[in-house]
Every structure is written in structure tokens, then in C-alpha cells.
Amino acid sequence: MKVDLPAWAAWLDVPRAEDRSNVRHRVLYGGRGGGKSWTIAHKLIERAWLNKERILCTREFQNSIRDSSKKLLEDVIDRLGLGAGGSGFFTVTEKEIRGANGSIFSFMGLKGKDSAIKSLEGYTLVWVEEAATVGKISIDALVPTIRREGSEIWWSYNPRYPHDPVDAIFRDPATRPPGSIVLAVHWRDNKWFPEVLHRDMEFDQDRDPEKYAHIWNGEYLVRSEARVFDKWRVAPFEAPDDAALYFGADWGYAVDPAVLVRCFIGRWAGEPYASEVVADPDGRCLFVDHEAYKVRCEIDETPALFAGSDSRQSPRWENPFLHMGVPGALLYPITADSARQEIISHMVRAYGFNMRRALKGPGSIEEGVTFLKGYDIVVHPRCRHLIDELALYSWKIDKLTGSILPELSDRNNHVIDALRYALEGARKVVRPDYTSASAGPRVMRVTNGFQFGQNALQHPGLTPPSYGFGRYQTVQAAIWRRLSKCRNSPSLARTLANSGPMPLRVASIACGEVSDISSRSASTHRICSLSSSSRSSSRLSCALRCKGSGWPSLVCRSPRRSRRSRRLGS
């Protein structure tokens, strides 16, 4: 078997380490794009083909076989012509890979498997993937268990912190076990480094040297005390069928990416990271399982980036780059950054997305980040850009003094911004005292026939128009942040409901920013606004304004610029 591999792959064959003892540990660490996993998979298949080997492929977290390296090994087998479509040397079953010479590949997670690990003494070779996340308890249980003569343990990972157990053991020559080969592998060492990764790498190199150093050059994360997020982990999981899914989108083109992210709130059914996930709105875990991400994404490419190929017989968009999309992107509401309202409108009208704008208010970034930090964030391994951002997102640092400032950095935050937008509605429900603007209607409460949120109820006391504004008007009410300055603000709907016959019905209530509706007393009129759409050709714009602590007044303007107002009694 002859396979063209990087030059550093020779270190996976040498029988002795630098201390002249038989090799026990082969450690490969470095940044993204070095080809570590692909090369290791080839060498493992080669070993299992040449000799009878019992090989265990493991990682700290593995809830199902789909979370393992099994698919990568299957691809290598097919590529080498050793599978069912070739010589048939290897047979792939649901949970194992078996060779005609008795070789076998098994797959399992280490977390919480102390008793299972102790039964692995018959294995001749172990591959530990994503070793930076493996805990000391798992390492202490695994290493002495693999004790057959000539057995080896291979470790591959992208470094995080110097105190991670695998780094504390192998990176320091003073603590390194005998028979260890420790090798740094970076993107420069991979002559097949793909062009798509090369563009991503150059983008980070030019725009964010700190991210470039960590992600691509494999350097440690620095200034961890300035990091915003600490309660997060990367772990595979399956979204429950009854999960309430939230979608958020962020826009970008020249230097920023277009992003879509999917998440839900839940909890672990049993031991964290070693049991199934349960959808629970009161859970303390935020699970993020899908992302779409691309820099310099054209507007007409965005539907494919978000939703993949259109399943309609007459597709509404093309997908020449074969984007996978995010499952459910066309079915669920998406809360998108309001900075590009024209894109939102185009996505809704032209492509059928259920998309609404995130109406951001002062302090909404800090409030949203604080809300996210209240959860244990669990990120699926396929969401690699969110993983990067959670590791790098930080508070600003004073360049002169080195002090950490109470201001969030505007870097490494595009997927995090999309995550904030996705959870704006949930944030409003979970935090009734939340005062920043929300994104669109959310069901909150029902008062006197008016439902705050989607599918609002029509109050039976409201009748067709009597003010001469045209046909029956449907009014969209928007309650803004500063409504809390009005006396007894929850009475707004009650006031409308008890005000007698009016040519209005409240269709839904949303929150967001507001512009002043009057040239006079601007500071007292920034309360709330109503926009209406008439079934006739006429248009009606209305606003509720509050002066100081008094009751609001209904102010309407017709197309003829006439103005009528009516005092709303309590």
C-alpha cells in the first residue's frame, strides 16, 4: 500500500523515541489545516492492514457513533480501495470496522466511563482525538489500562491552555513520559492545504492576529481573564424532536461573514455530556447544533447558504456551491440583524423565509451577552466558527496599561451576535425585567381581550370606523422601551380595550426603537407607535404618546395630513 502523505507522517512509523526507548506516546498538536486527523486515519488503516491490531478511537465526549472518527476511517478505506467496493479487506458494521486479518476498530467516549476503560487492556493502539478536552481523570484511567507489550497511544489536538492535562503532561520536557514523540503540525506542513482554508487563514491573519495565532498557528489562548465566555464546551449531541428551535442571522460581505445559527434551550437527561439531551425551556443549558458561515457571500447566494438547495420543483434559488444549509431554516422564524433591512425584505418576498428584524436598543449587546453567560453553552463540533469565537471573544484591553476595560471588543463576535438575535424572544420571556428592545412579537400575557404577541385577539367591543378614516383599519401596535415611564404601563392594552368604539383592532404587539412622532415635546413623546395598513387605498398612521406620567393619547394622521386625537380614559 503506497499513500502520499505529508513528510511529518514518518514520525508515526519510527519505532523509538528520542530517549532511545520504544515509542509509547505519539503526540501531534498544532493549528487548523495541518491534516492531522486525515494522516492519522491513513496510518491506522495501514497498520490494521499490515498486522492484526485492536485499535480504539476515542475522545472525551461521544454520545453516539456518529460523533466518532468512524466516518473518516470509512472514507479512507474507500479511497484506498479496501472496502466493499474494492478488495473487501475491511468490513464496516454499525459500530465497528473489521479487517480480514482479525484487525478491529472500536469507538467510545471517555467521559464517565471509568469502569469501561478498565476493560480495554487488550487493545494494541489507541487514538485520542481532540485531546485538549480530555480530563485528567480520563487520562489517569486510560494510560495504565493500555498495557500490552508494544501498545501505543496517539494524541491529536489543537492547543488551548498550558494547564490542559494533555499539555501539562507532554509539552513540558521535564514531565514528559518516556517513549514520547511530540510533534507540532501546522498548516504550512500540509502541502494539500485546501484553498478554501487558505482564504479563511489569510482573512484572520490580516484582520485578527490573535485569532490567527491561536486557530492557525496552534498557540495558546492568551489573557484568559479577559475572555467573555467561560462556561462552554464542545460536545456532540442530538437535538430532541420536540426542541423549540431558535434561529438568528447576521449579515456581512466585504470583511464580515454572513451567518445563520440554530440553537435551543434544554438540559441533560442524566450525567452531563454522557446522556441524552432533553428540551426544557427552564433548562440551564444552551445547545447550539448548526451554523452557516461565509465571508463575501453574495445576496443571491444567501438563501442557499442558509437553507441549502430549494426542494421545490421550480427552485427559487440556485446552489452552485452545494451549501448544506441549516435544517429548518425555511420553516422556523429567523431573527436577523436589522442593519440590512433590505436583505431581510428580499429574503422574505423573493425566497419565502420567515424572517424578522432584530430591533436593538441601547445596551442590548451587553444585556444579550449577559443572558448567554447565564447558560452552560454546549456547542456541536461542526459549529467550528462559534467554537473559535467563544474561545476568543473578549473584553477590550487598554493598550497602554494592559488593564481590562468594561467594554466588549468588536471582534470575533459574528456568530455570537447571531446567537444573541436568535434568543431575543426567549430572553424577553425568561427575563420579564429585561428592558432592552426585543425582536418582533412574543406571547407574553392577555389583558381584556388583547393578547401581547402573536395571534392577537380582537376585542369584541371594537366596531367598524366612526371617525371617517376609511374602511376597517388593522393596527399593529408597538410597545417601546420607554413605555415603562408611563403610569401603570401594563394598562395600555386595558386602556385601549375600555375606550369604547374605535376604528381599530390590535393585531399584534412588537418591541423596538422609536422615532419621535411630534415636533414638540420630543422628550416626552418617545413612548410607542402604531402602524396601520388599510384594506382600502387609504393609509392611517397612529401613535400613542405619553406626557410625563399621564395617560397616553391616541394620535392619528390620515393621508391628507389631517390630525385627530382622542384622550384615552383609564
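Residue indices follow the written sequence of each chain, beginning from 1 at its first position. Only residues with pLDDT of at least 70 are given local features in this predicted model, and only at 80 or more are side-chain atom pairs given and counted; all residues enter the totals for whole chains, interfaces and linings. In computing side-chain values, all of the structure's heavy atoms are included and hydrogens and water are not.

Before going further, it helps to examine the nonpolar core. What makes a nonpolar core is a set of buried Ala, Val, Leu, Ile, Met, Phe, Trp, Tyr and Cys residues whose side-chain atoms join them at distances within 4.5 Å. Only protein chains enter the accessibility calculation, which uses a 1.4 Å probe; a residue is then buried when its area is under 20% of its type maximum, exposed when over 50%, and partly exposed in between. Counting 43 residues, the largest nonpolar core has Phe229, Leu286 and Val288 as the members making the most contacts within it. Residue contacts for Leu286: discarding those within four places in its chain leaves Cys263, Phe264, Ile265, Leu372, Tyr375, Asp376, Ile377, Val378, Leu419 and Leu423. Counting 35 residues, the second largest nonpolar core, distinct from the first, contains Phe237, Trp251, Met347 and Phe353. Throughout, a contact is declared for two residues whenever any of their heavy atoms are within 4.5 Å.

Turning to the environment of Val261, a few remarks are in order. Looking at where Val261 falls in the secondary structure, it is placed in strand E11 (residues 257-268). For the pair Val261 and Ile416, spaced 155 residues apart in the sequence, the C-alpha separation amounts to 8.9 Å. Those residues in contact with Val261 that lie beyond four places of it in its chain are Tyr246, Phe247, Gly248, Val288, His290, Glu291, Val415, Ala418 and Leu419. Numbered from the N terminus, helices here are DSSP runs of H or I no shorter than four residues, and strands are runs of E no shorter than two.

The next subject is the environment of Lys360. By the element assignment, Lys360 lies in the loop between strand E15 (355-358) and helix H10 (364-373). Classification of Lys360 as partly exposed rests on a relative accessible area of 28%. As for Lys360 and Ala339, which are separated by 21 residues in sequence, their C-alpha atoms are 9.7 Å apart.

By the criterion of burial, E11 is predominantly enclosed, with eleven of the twelve residues buried. Think of it this way: DSSP has to see at least two bridges between two strands before they count as a pair. Inspection of the sheet shows strand E10 (residues 246-250) paired to E11 by five bridges, in the antiparallel sense. Each bridged residue has a counterpart across the sheet, and for Ala249 the counterpart in E11 is Leu260. Here E11 runs beside strand E13 (residues 285-295); their pairing, made up of ten bridges, is antiparallel.

As a further point, take the pattern of salt bridges. By convention in these notes, a salt bridge is any Lys or Arg side-chain nitrogen within 4 Å of a carboxyl oxygen on Asp or Glu. The final tally for this structure, using the stated rule, is 22 salt bridges. Residue Lys294 pairs with Glu301 through a salt bridge whose shortest N-O separation is 2.5 Å. Classification of Glu301 as buried rests on a relative accessible area of 8%. Residue Lys396 pairs with Glu407 through a salt bridge whose shortest N-O separation is 3.1 Å. In this pair, Lys396 is assigned in strand E17 (residues 395-397) and Glu407 in strand E18 (residues 404-408), connecting sequence segments eleven residues apart. Its relative accessible area of 31% is what places Lys396 among the partly exposed residues. Judged by its relative accessible area of 43%, Glu407 is partly exposed. The network of salt bridges with shared partners includes Asp13, Lys43 and Glu46.

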